[in-house]
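Each chain, written out:
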Amino acid sequence: MDKYEPLWLNLGYMLPGSFDCFMDRIKLAYPEGSEHPKPLEGIHVRVPHFGKTESVEFLNSILRFGPGSYMHTIVHQLVRKGLVRDVPVRAAPYDFRLGLGENSYIQPIWSEMINISVVGMFCSITELLPSPEVFGDEVLVKTSSREFTSSEYEEVFQYADCPECLLNFHKVIKPNIKFPGVNTTCIHGVGISTPSKVEYLVDNPDGPFKMLKGDGDGTVNAESLSFCQRWNDVKDQYTFNYITIPGSNHDGLIKDTRTVEKILKYTF
């Protein structure tokens, strides 16, 4: 008997009294002496439907509209154009809590299909920190006594008294942001107020702070989103297109009709 049940997104965990159970099942920790994060004892998590679009079209098998719809719009339009689900239109889902180094099985296949994937938080969160390659010496965190740049994360975590953060930072393999070596179309939203810097009003990481805003898609700032423009010099070998969608936010981009139109344009 298959005893697995949906973890993300499972609406049952949203009910009163169920959230603690959800957190216990989804959290990760580094066992002493281990280089690899693990779920809590007695819990096993797997990623189903590898290669099948059902893994990414909807976040929940029941909630197939609104917030429950994920990449269905894009897949549906590709199918309408004559492509077939799970054949040329495939998905490469993986455990969004882990870093890419822990999901290395996806690496060899991503250039061979129309790749739809999800990545998120937990141990992988350190992969999402502003990169020194993009931000250089720009100040990202400021307190009344000092300033921190993207080259000083160890100091940031020590200041915040977060040893778990520091552990993840050292153990998670940082993403390679070099050109991927395939024909590429980079699409992102712009024109939405997005967090860019943190300024603490007192010299205490638990104290009040204000979030300074800049341009972006509401979640990712413009500096990170536009990094792929640096790949523009590969046009002699590969097709490269860079497209911005004004007013489209991070979550809405994949459902925006303008995004879908661009994907169809450069797919066919």
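Anyway, here's the lowdown on the structure attached to this text. Here the residue numbers are simple positions, counted from 1 along each chain's written sequence. Local features in a predicted model are, by the rule used here, given only for residues with pLDDT of at least 70; side-chain atom pairs are given and counted only at 80 or more, and totals for whole chains, interfaces and linings are based on all residues. Only hydrogens and water are set aside when side-chain values are computed; all heavy atoms of the structure are taken into account.

1. Observations concerning the overall build of the protein
Link 1 in the chain: Numbering goes from the N terminus for both helices and strands, where a helix is a DSSP run of H or I of at least four residues and a strand is a run of E of at least two. Across its full length, the protein carries 8 helices and 8 strands.
Link 2 in the chain: Residue burial in the protein is summarised as follows: out of 268 residues, 34% are buried.
Link 3 in the chain: A separation threshold of at least 6 residues defines the contact pool for the protein, and within that pool the share at least 24 residues apart is 58%.
Link 4 in the chain: Surface accessibility in these figures is a Shrake-Rupley result with a 1.4 Å probe; residues are shielded only by whichever protein chains are displayed. A total of about 16000 Å² of accessible surface is found on the protein, and carbon and sulfur atoms cover 54% of it. Using a 1.4 Å probe on the protein chains alone, a residue whose accessible area is under 20% of its type maximum counts as buried, one over 50% counts as exposed, and one in between counts as partly exposed. The criterion used for residue contact is that any of the two residues' heavy atoms lie within 4.5 Å.

2. Regarding the environment of F22
Link 1 in the chain: Mapped onto the fold, F22 is located in helix α1 (residues 19-26).
Link 2 in the chain: A residue is classified by how much of its surface remains accessible, and F22, at 6% relative accessible area, is buried.
Link 3 in the chain: Among residues more than four places away in sequence, those in contact with F22 are L7, W8 and Y13.

3. Points about the packing of aromatic side chains
Link 1 in the chain: The rule is short: rings of Phe, Tyr and Trp, with Trp giving its six-membered ring, pair when the centres are within 6.5 Å, and they are stacked under 30 degrees, edge-to-face over 60, tilted in between. Taken as a whole and assessed by the stated rule, the structure comprises 10 aromatic pairs.
Link 2 in the chain: Note on F19 and F22: the rings are 5.8 Å apart at their centroids and 40° apart in plane angle, and the pair reads as tilted. Here the residue F19 and the residue F22 both occupy positions in helix α1, the gap between them amounting to 3 residues, near one helical turn.
Link 3 in the chain: Owing to a relative accessible area of 45%, F19 belongs among the partly exposed residues under this scheme.
Link 4 in the chain: A ring is considered to have a charge above it if a Lys NZ or an Arg CZ atom is located within 6 Å of its centre and within 35 degrees of its normal. Over the ring of Y4 we find R46; its NZ or CZ atom is 3.9 Å from the centre of that ring.

4. Some words on the sheet that holds strand β7 (residues 209-214)
Link 1 in the chain: Two strands pair under a simple rule: DSSP has to find at least two bridges between them. Read across the open sheet, the 4 strands follow the order β4-β3-β6-β7; overall the sheet is mixed. A single partner strand is all that each edge strand has here, and the edge strands are β4 (147-149) and β7. Strand-to-strand twist in this sheet, taken as the mean axis angle between neighbours without regard to direction, amounts to 35°.
Link 2 in the chain: When strand β6 (residues 194-200) meets β7, the two strands line up antiparallel, connected through 6 bridges. The residue of β7 that forms the bridge with K197 is L212. To get an axis, a line is fitted to the C-alpha atoms, and for a helix only the part in contact is used. The angle between two axes follows their N-to-C directions and goes from 0 to 180 degrees.

Such coordinate-based values are descriptive only and should not be taken to indicate function.
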